[in-house]
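Close look at the chain arrangement
In case you want the letters, here they are:
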Amino acid sequence: MNTPIPSINTERLILRELTPDDTSALAQILGDADVMRHSVRGVLSEQATREFIDGCRLSYRQHGFGPWAVVDRSTSTLAGFCGLNAERVDDADEIEIGYRLASGFWGKGLGTEAARGALTHGFDTMGIESLIAIVQPVNVASVKVIQKLGFSGYIHSQYHRQGVRIYRMNAQQWSSRPSARG
């Protein structure tokens, strides 16, 4: 798939393709132990961040989606990433919503705003039927984001040898959630 991935504008954010030019700024974010505390990958070096961005760009071409750069509209600062990922979970091919924001952007509802933009694109534009969210139960902030988005039920599973909750939402649940009705 060679179609460019569209940018998404939310009230306070721009979600756009990650590029090699984002490596240094994203490496600062993904190199922060607080930001990566609940990541199965742990803290990333600049080289690992470069490889992550390369993987995102490959996903854009192969799947038509991948994690986007999350940019603060008011300052043009890279705040982190958010988007859809193709993942293999419990022997099934899944599409997962994932996100990481720099700690300076925490507590402002930006993770929820970015994820809502990605989910809207996935369900409403791409016509994806079902998405998952993989969250460690101790990651209380991420659990709150997932619940605000309308995910509710979950199963317990293992992901990269860590105990996680796997939440699922389908297109019908997305379109019938209270915030979708305005």
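A brief look at the structure comes next.

Analysis parameters
Residues numbered from 1 in each chain as written. Predicted model: local features only at pLDDT ≥ 70, side-chain atom pairs only at ≥ 80, totals over all residues. Heavy atoms only, no water. Helix = DSSP H or I, 4+ residues; strand = E, 2+ residues; numbered from the N terminus. Buried < 20%, exposed > 50% of the residue type's maximum accessible area, 1.4 Å probe, protein only. Contact = heavy atoms within 4.5 Å. 1 Å grid on protein atoms, 1.4 Å probe; cavity = no way out; pocket = protein on both sides within 12 Å on 5 of 7 lines; lining within 4 Å. Points joined across faces, edges and corners; volume = space filled by probe spheres on them. Nonpolar A, V, L, I, M, F, W, Y, C, P; charged D, E, K, R; others polar. Pairing = 2+ DSSP bridges.

Digging into the side chain of serine 59
- With respect to the secondary-structure elements, serine 59 resides in helix α2 (residues 46-63).
- On the basis of relative accessible area, serine 59 is assigned to the buried category, the value being 9%.
- In this structure, serine 59 is in contact with Gly64, Phe65 and Gly66, ignoring residues within four places of it in sequence.

With respect to the layout of surface pockets
- Here the largest pocket is characterised by a volume of approximately 720 Å³.
- Lining the largest pocket we find 34 residues, and of these Arg41, Asn85, Glu87, Glu96 and Tyr159 sit closest to its centre.
- Among the secondary structure elements, those contributing two or more residues to the lining of the largest pocket are α2, β4 (78-89), β5 (92-101), β6 (130-135) and α4 (140-149).
- A per-element tally of the lining of the largest pocket places α2 first, with seven residues.
- Of the residues contributing to the lining of the largest pocket, the split by class is 18 nonpolar, 12 polar and four charged.
- Its volume calculated, the second largest pocket comes out at about 500 Å³.
- As for the second largest pocket, its lining consists of 21 residues, of which Trp106, Asn139, Ala141, Ser142 and Val145 are closest to the centre.
- Among the secondary structure elements, those contributing two or more residues to the lining of the second largest pocket are β5, α3 (110-125) and α4.
- Considering only residue class, the lining of the second largest pocket consists of eight nonpolar, seven polar and six charged.

What about the pairing of strand β3 (residues 67-72)?
- Counting buried positions along β3 yields six of six residues, so the element is predominantly enclosed.
- Bridge analysis of strand β2 (residues 13-17) against β3 gives five bridges, and the strand direction is antiparallel. Looking at the pairing, isoleucine 14 lines up with valine 71 of β3.
- In the sheet, β3 pairs with β4 via five bridges, with the strands oriented antiparallel. Within β4, the residue paired with valine 71 across the bridge is leucine 78.

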